Structure formats: C-alpha cells, structure tokens
Amino acid sequence: MIHGLLDKLFGHEDKPKDGSPKNIKHDRNEIGSLLTLYQDQNHLMTAMIMNAGQRKIAKLSTGIVSVDEAGQLFVTDEFHPSDPNPLLSEGITVQFSLTHHGVRHQFNAVHLQTQSTPEGARHLFRFPKGIEQIQLRDAFRVKLSQAHPIKVTLTHAEHAAITGTLADLSASGMRVRIEGLVTPKPVRGETYSSCHLVLSDGHPIVCGARLMHWQYDPDLRVSYLGVHFENLDGNTQRALNRYLTELQRKQRQLS
C-alpha cells in the first residue's frame, strides 16, 4: 500500500518494462565516469532509502556535487522534499536512479556520513558495486535538426521565460538548446508552469515541465536543459507519439 502511494506521488513514467534490454557496469573507472557525468550534467536523481531488510522507507530526490575517483567516494547535496537526516545513518543503503538519453541508470550505494555546510547538508557515499542501465521502450529520443529549428518556451513562476530550440525529443520529455548561460542558474528538479512548442507538423505541445538535468558547454557557449513533460493530456500525447513514429520512420529511411 505504501509503495502504491509513493508511485502515485512521484509517478512511474520511467519504470522499465519487462524485457527491456539492460547491462551492468562493474568496472571502477566506468562507474567513476558515470558518476562524474551525473555531476557535470546536474542530473536530478531519485533516492530510495532502504532499511536493513532492503524495504523502501522513503523516496526523495538529490544530485551529486562531487566525485572522488581515487577514494571511490561521492557526495550528494540535500535530499528533497525534506532532508531525512535521522534515516541516513552510517551503513544505510540508498537506491539511486535517473534517466539519461532514454536509458534508466540505477545503483545502490552505502551511506557513510552526513556533513553540515553553509549550503546545506552533504551526504558521503561509497561507490556502488555496479550501475545498471536499462533502455526504456517509451523513451527513445529523436534528434532534431537545427537547420529548421523548433522554438521552445519555458515559463517559470519566479524568473523570466526561457527560449531555446528543440535539440531532441521523446514521448516523455525533451532537451532544449539555449544560446549562452542561463541566468539565474537552473536548479535541477524545479518546475516550469508552462512548456510550449509547435511541432513541424503543426501540432502544438502545451504542458508543464520539470527540469531533470542541465549542462553548459563553454566551448559552444550553449546551455542544454533536459526536461520531463508533466500534465500532458491524452490528445497531445497521441499527437506527440505519432510525430515521433513518423520522425523515426523517416530517419531509418535516410540511414
């Protein structure tokens, strides 16, 4: 019953389906590289705190702020919506998961200690023994040409609207290309009250959105924001699915 309530609260749109192809990375260097990727791209991670019987007792979110590959340790910032310090004693296992380019990454890590900093709590973890990667059947991403860009507008409740172009698209979200550095700095997990774009076939996509990851490329002077669609109505979802199916068909023909 508790798990059902958690699923309703946080959603399970990225839950892998039976038969989804998967693999597990065990190499220490590969694990370090993946954790650094999550840090560099400011990925929002779901964190499931497990008790001694490996039962899930809390479902929260956080992100990685530093990785020590030599010491095989990594540090996350505060857990949200509220930092569960009493639950995070030494030796507690936390199950982390996120979605990167249509692939679900998940791993278990042992909590070592909590530190207080001026920026808030920091949590130290040991490297996981492996990182499992599962291709999500409903999250295949299609890259969009910048020769005929599709304009995207993200409206924030407190900050100025953000305008960019569509870099890639899936049935559940998109990556937006924005010239320059976004200010104020994006905060992973923040919500946009409105996400608006018009597909090249004329169908408008209007919904809410949540920031799942972001990255600034200083060489290109371009920011990329990865957002998850929220509150898509049925007709819009079907139009989006048809559009993606047609794009995939055309790209297969070209290749």
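None of the values given here were measured: they were computed from a predicted structure.

All right, on to the overall build of the chain then. The number of helices and strands found in the chain is 3 helices and 16 strands. Considering only residue pairs separated by 6 or more positions, the chain has 61% of its internal contacts joining residues 24 or more positions apart. Taken as a whole, the chain presents about 13800 Å² of accessible surface, with 51% of it coming from carbon and sulfur.

Moving on: the pattern of salt bridges. Overall, the coordinates contain 6 salt bridges when judged by the stated rule. When the shortest N-O distance is used, the salt bridge between Arg 141 and Asp 168 registers 3.0 Å. Of this pair, Arg 141 sits in the loop between strand S9 (131–135) and strand S10 (142–143) while Asp 168 sits in strand S12 (residues 162–169); the two residues are 27 residues apart in sequence, bridging distant segments of the chain. When salt bridges with common partners are traced through the structure, they connect Arg 141, Asp 168 and Arg 175 into a single cluster.

Another aspect to go through is the packing of aromatic side chains. The final tally for this structure, using the stated rule, is 6 aromatic pairs. On the basis of an interplanar angle of 5° and a centroid distance of 6.3 Å, the ring pair of Tyr 38 and Phe 107 is categorised as stacked. Here the residue Tyr 38 occupies a position in helix H2 (residues 28–40), and Phe 107 occupies one in strand S7 (residues 103–117), the gap between them amounting to 69 residues. Pair check on accessibility: Tyr 38 and Phe 107 agree, each one buried. On the basis of an interplanar angle of 75° and a centroid distance of 6.1 Å, the ring pair of Phe 74 and Phe 107 is categorised as edge-to-face. With a gap of 33 residues between them, Phe 74 in strand S5 (residues 73–76) and Phe 107 in strand S7 connect regions that are remote in the sequence. Owing to a relative accessible area of 3%, Phe 107 belongs among the buried residues under this scheme. Three or more aromatic residues link up through ring pairs in this structure, and these residues are Tyr 38, Phe 74, Phe 96, Phe 107 and Phe 125.

Criteria and thresholds
- Residues numbered from 1 in each chain as written.
- Predicted model: local features only at pLDDT ≥ 70, side-chain atom pairs only at ≥ 80, totals over all residues.
- Heavy atoms only, no water.
- Helix = DSSP H or I, 4+ residues; strand = E, 2+ residues; numbered from the N terminus.
- Contact = heavy atoms within 4.5 Å.
- Areas by Shrake-Rupley, 256 points an atom, 1.4 Å probe, with all protein chains shown as cover.
- Salt bridge = Lys/Arg side-chain N within 4 Å of Asp/Glu carboxyl O.
- Phe/Tyr/Trp six-rings, centres within 6.5 Å; stacked < 30°, edge-to-face > 60°.
- Buried < 20%, exposed > 50% of the residue type's maximum accessible area, 1.4 Å probe, protein only.

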